[in-house]
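Listed below, chain by chain, are the residues.
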Amino acid sequence: MLASIVKINGYNPFKALMLREYWENRRAIFMTPLIITGLSMVLIIISMGLFGAAIHVDGNSFTLGEIIDKMSAQDAEELSRNINHLLLASSVPIMIGVWFCMVFTALGSLYDERKDNSILFWKSMPVSDFQTILSKILTVTVVIPVVAIGFTLIFQVFLLIVGSFYTISTDYSAWNLLWASTNMPMLVINEIIYMAMFSLWALPVFAWFMLASVIAKRTPLLVATIPVALLALVEGLFFHSEYLIRFIGMRLMGAHILKNEGGFGSSFSSFDPSSTMDIIRSAVDPAFWIGLSIAAALFYGAILLRKRNSL
Amino acid sequence: MTNIITAHNLSKSYGSFQALKNVDLTIQKGQIVGIIGANGAGKTTLLNSILGLSAYDGDLDVLGFDPYSQRDEMMKEICFISDVATLPKWIKVSEAIDFVEGVHPSFNRQKALGFLAGTSVPLDKKVRQLSKGMVVQVHLALIMSIDAKILVLDEPTLGLDIIYRKKFYHQLLEDFFDEDRTILITTHQVDEIENILSQVVFIRDGELVLTADMEDISNQWMVLNPAPENNDAARALSPVSEQSLLGRTSFIFNGRSRAELAELGEVSRISLSDLFVTLMEGASS
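Worth saying up front: this structure is predicted, and the values here are computed from it rather than measured. (Residues numbered from 1 in each chain as written. Chains lettered and ligands numbered in written order. Predicted model: local features only at pLDDT ≥ 70, side-chain atom pairs only at ≥ 80, totals over all residues. Heavy atoms only, no water.)

(A) Here's a closer look at the domain arrangement of chain B. All names here are of chain B. Domain boundaries in chain B define domain 1 (3-91 + 146-205) and domain 2 (217-284). Computed over C-alpha atoms, the centres of domain 1 and domain 2 are 31 Å apart. Interface area, domain 1 with domain 2, both sides summed: about 890 Å², of which 72% is carbon and sulfur. Counting the surface domain 1 buries against domain 2, the share from its top three residues, E194, F202 and R204, is 60%. Put simply, domain 1 and domain 2 have 1 salt bridge between them. Linking domain 1 to domain 2 there are 2 residue pairs in polar contact (both at pLDDT 80 or more). Among the elements of the structure, α7 (190-193) and β8 (199-204) are those that each provide at least two residues to the side of domain 1 that touches domain 2. Examining the composition of the side of domain 1 that touches domain 2, we find that 4 residues originate from one element, β8, more than from any other. Residue composition of the side of domain 1 that touches domain 2, grouped by class: 7 nonpolar, 1 polar and 3 charged. (Domains from an automatic or database assignment. Buried area = accessible area lost by both parts, 1.4 Å probe. Salt bridge = Lys/Arg side-chain N within 4 Å of Asp/Glu carboxyl O. Polar contact = N/O pair within 3.5 Å; in protein donor to acceptor, adjacent residues only side chain to side chain. Helix = DSSP H or I, 4+ residues; strand = E, 2+ residues; numbered from the N terminus. Nonpolar A, V, L, I, M, F, W, Y, C, P; charged D, E, K, R; others polar.)

Here's what the structure looks like:
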């Protein structure tokens, strides 16, 4: 099935554009989450061997045994909640890596093709600037996160398997303790909703990155950040407010997905997503729609500029 | 004859610099047109306008399309190779074929694979890993497998050695060109393409200096190498230019009859590079 998705059979411009994005951004889309997942697995296996199955959570160290003891003392509902939360939190390293991939893919999306002159090749084909830019938006905000969710799923199953092996030497049943308590479909659905809502809230920021990448003569990162920093400075000096920085920071850091407004915490325990319903409900906030309108305007600007600035 | 490209009053400015000044141009189907000019004369600007890559002032009609606003539709009928560096470095040859097949309704994969089978280009390598000559072969194979009405080549052989350049033009004529297609070429190696051109456009400082059929040029423009004692008689016929080299003087004439000149010495047809130099110097003096 995968083979037919990634194979071109005749005229199908949008599929070809999406595949083109995959070929160009294989590292961001596939290699980065693969490597993070692989490294996390290796680290877990090594740490179990070296430290007698100690797990370090926020500077406290537990052995797996202690965790399992603690867990099995909990009632079924609490156990289930904790395991699902633990599995969700285990995806944070992948998500952080993928966040960087999204940012840098957006910043390079319309800059790299001008830097290596390949824009003349792309433009020699009957494809509109609108289609091209749409394929790049979808790559950054849909393809990269969706592939990442696939990897978090693999990692979560891996954790359950490792945990199951550990229970072999104990009196507990892996099925009761781990597998029956895990609601995998729900976990995946939640992750998809988190990612989708994160992408939508952050869309104006990614649109801004893509506009910067179409404008930049060199270093799109600076073009994206310096004007914002200056504006924020002016805002702070004259209006004593920090609306702009909050607007960008909160959206880019997923503040609307997490309960603590600081966004992605650096520690696992602070990874505390709001309930899925709350996250979906955040879409009634006018700020959500204002952000999408700003994103649409910025994308429109990027399309016009790519049409004009091809040389 | 059908006009496939019509430009009227075409202008383009970059700030205060006028790259194209009120250009009028018509190009008909089935021609191979050389666009010849010095660096910065406006060749690429003219081609970019025709290709819809930049906005312009004035009227421009290419195959019935307005190139700038209808570029994506128009490009179904036009192929384009600018200088060799435009294939992205990260793409594999096989992926490039897939991509063009996906986005171009009149691309023929078998044809492209056929062209590439005749070369030593490996399909599973990335463009980055290929030699410059191979990259051009890949690009040419892709382009020639598209059933297009117009092919635009902007310095297509830049940086290639002579063997590849010869092959390039040979293949173009053998495998692509026919009376339903039109080719526009700019190049600095004028001598290499003059045998295949049917029409030339000389451009200087954004203006068209001369637009003519090759046949008319060889009827109009002649080079006379007179016997030394006839030099004064030749000068009396008001040549466009005179050049002395190793004791022999040659004169370039415009619009004189061959018979008249033949009385003074040996008459030959003018090479495009000589005509180019003559026109450029004539315009500046």
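(B) Structural detail: the pattern of salt bridges. Under the counting rule described, the total for this entry stands at 22 salt bridges over all chains. Across the pair E21 of chain A and R20 of chain A runs a salt bridge, and its minimum N-O distance is 2.9 Å. When the shortest N-O distance is used, the salt bridge between E260 of chain B and R256 of chain B registers 3.3 Å. Sharing partners across several salt bridges, the network here consists of E113, K123, D129 and R306 of chain A together with R71 of chain B.

(C) Here's a closer look at the sheet that holds strand β2 (residues 17-28) of chain B. Residue and element names in this part refer to chain B. One open sheet holds the 3 strands; their spatial order is β2-β1-β4, and the pairing between them is antiparallel. Since the sheet does not close on itself, it has two edges, and those belong to β2 and β4 (57-62), each with one partner. Strand-to-strand, the axes of this sheet are offset by a mean angle of 15°, without reference to chain direction. By the bridge criterion, 5 bridges tie strand β1 (residues 3-14) to β4 in an arrangement that is antiparallel. Residue pairing for β4: H8 is matched across the bridge by D59. (Pairing = 2+ DSSP bridges. Axes fitted to C-alpha atoms, helices over the stretch in contact; angles between N-to-C directions.)

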